[in-house]
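Chain residues, written in single-letter form:
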Amino acid sequence: MGSGIAAHLANIGFNVTLLDLTTHSVHACFDRAKSAKPPHFFVKGTADKIRLGSIEENLDWVKGADWVCEAIVEKLDAKRSLYEKLEALVDEDALLSTNTSGLEISLLVKDRSDSFKRRFFGTHFFNPPRYLKLLELIESGFNLDEDSAAVLEFLEQRVARRVVPALDTPGFIANRYGMWSMYQATHIAEKLQLSPEQVDLITGPFLGRPRSGSFRLNDIVGLDIMQDIARNQMARCPEDPYIGTLVNPKSVDYLLSQGNIGDKAGKGFYDKIGRDYLTFDLITHAYRQRIEPNLPTVTDNLRKPLAERLKLGLAAKDEVGEFMRLYLLPALRYADYLKGSICHSIQGFDRVMQWGFGWEAGPFEMIDMIGSANVLGANKQYYSAAGQLKPDESDHFLIVKEPEF
Ligand SMILES: NC(=O)c1ccc[n+]([C@@H]2O[C@H](COP(=O)([O-])OP(=O)(O)OC[C@H]3O[C@@H](n4cnc5c(N)ncnc54)[C@H](O)[C@@H]3O)[C@@H](O)[C@H]2O)c1
């Protein structure tokens, strides 16, 4: 991730130094960045402008830096011990930040000086930074308002990010909610015995989301990363009544046990063989040929506006309707539950899902489209539309702490 951030900054004209643990490791990760697909660099020559060094031998190169953006391994102790060394070296007016997926920012700087804490922020980039423009900005709890405003402007105007300020809570907005939504889709697919192809068709452009849908997205993110983030959140949010959804679905446990963690390992829910994909069967746990889904509720309505598609899907008396009622309605209620504690505004929450995950509409826009009474209130017309699911069953399903899937 650090090399992706370095590439983005070099692309837009910053002088960049990239340090990793050792000279060997910095060259190894930079070589991967240079051959990344899609490419990290606008033009090849830009890579040569980045100075490479090691933390072991060249940490003093941070002297004179305007911004020290740490993006080392997601471990609290490793980050904290690096800051201890940095504190003696960085200029007194340098901006300091961490690229973390969800560690507590105030804890990271707990033992640092007031000056360090005041200049420190969480800058959560999305991967790959050249292409995904969202950045969650998290204050350390010690920043001055004018500094926070200046950093926000710098990140928007000079670093070309779409910045959403988020509160210092586990996983911030993107990983707290995005990861939960991904887990939820897998649990419901298993419960309803739907295939990855069916779920990806329902949760792709039909829901106003990228073609990767749910299972392809799992493979892109990596099941190991998802599990790390999920475990971190379960440990830190025991009071969250929805947190049981982050227990690994059976298929995820099985794939992890086989080392099939997604694209990094060559296969996960899908196994790409030449131009074709084999699919991991959620029931037999074996790979099989692709089965083209036959879901007219999706394919016949793709050109309708999103609000109409949502209502049609929720009311449908088929697999699409069943999935949407069990997946989408609790997901929207979870957003409503979280809104008071993780974001500054529901617009910011929506933007994170739009800019970071490529959703056409964030959860609060979707609640408006469906009608908040239908999602949150007493008028639960969509639950009973198919005549198969009683409201109390679906409520129970996701608000117990350790649901049985
Ligand atoms: N990869 C992503 O998609 C992504 C997205 C958003 C945020 N992040 C966050 O960015 C950070 C980096 O992510 P990553 O995927 O590149 O992580 P990573 O696990 O690949 O580690 C990054 C680098 O840290 C170095 N490292 C390991 N131990 C170290 C130590 N004790 N001191 C100094 N350096 C050490 C490694 O050599 C490695 O090159 C993490 O905090 C991660 O949560 C990652």
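Not measured: the values here are computed from a predicted model. (Residues numbered from 1 in each chain as written. Predicted model: local features only at pLDDT ≥ 70, side-chain atom pairs only at ≥ 80, totals over all residues. Heavy atoms only, no water.)

Draft legend 1. Local environment of the sheet that holds strand E4 (residues 95-98). Strands sit in the order E3-E4-E5-E6-E7 across an open sheet of five strands; the sheet is mixed. Strands with a single pairing partner mark the edges of an open sheet, and in this sheet they are strand E3 (67-70) and strand E7 (162-166). On average, each strand axis in the sheet is inclined to that of its neighbour by 30 degrees, with strand direction left out of account. In the sheet, strand E6 (residues 134-139) pairs with E7 via five bridges, with the strands oriented parallel. Along E7, the bridge assignment pairs Glu136 with Val164. (Pairing = 2+ DSSP bridges. Helix = DSSP H or I, 4+ residues; strand = E, 2+ residues; numbered from the N terminus. Axes fitted to C-alpha atoms, helices over the stretch in contact; angles between N-to-C directions.)

Draft legend 2. Spotlight on a nonpolar patch on the surface. Taken together, Ile12, Phe42 and Val43 make up a surface patch of nonpolar side chains, about 260 Å² in accessible area. Tracing the sequence through the fold places Ile12 in the loop between helix H1 (2-11) and strand E1 (17-20). (Patch = residues over 30% accessible without salt bridge, like charges linked within 9 Å, V, L, I, M, F, W, Y side chains within 5 Å. Areas by Shrake-Rupley, 256 points an atom, 1.4 Å probe, with all protein chains shown as cover. Salt bridge = Lys/Arg side-chain N within 4 Å of Asp/Glu carboxyl O.)

Draft legend 3. Broad picture of the site of the ligand. Taken together, 16 residues lie around the ligand, and Asp20, Glu74, Lys79, Asn99 and Ser101 are the ones closest in. Val73 places a polar main-chain atom, nitrogen or oxygen, 3.2 Å from an oxygen atom of the ligand. One nitrogen or oxygen atom from the side chain of Asn99 is found 2.8 Å from an oxygen atom belonging to the ligand. At the level of elements, helix H5 (76-87) and strand E5 (120-125) are the ones that each hand at least two residues to the shell around the ligand. Of the residues belonging to the shell around the ligand, the class tally is eight nonpolar, five polar and three charged. (Near = heavy atom within 4 Å. Polar contact = N/O pair within 3.5 Å; in protein donor to acceptor, adjacent residues only side chain to side chain. Nonpolar A, V, L, I, M, F, W, Y, C, P; charged D, E, K, R; others polar.)

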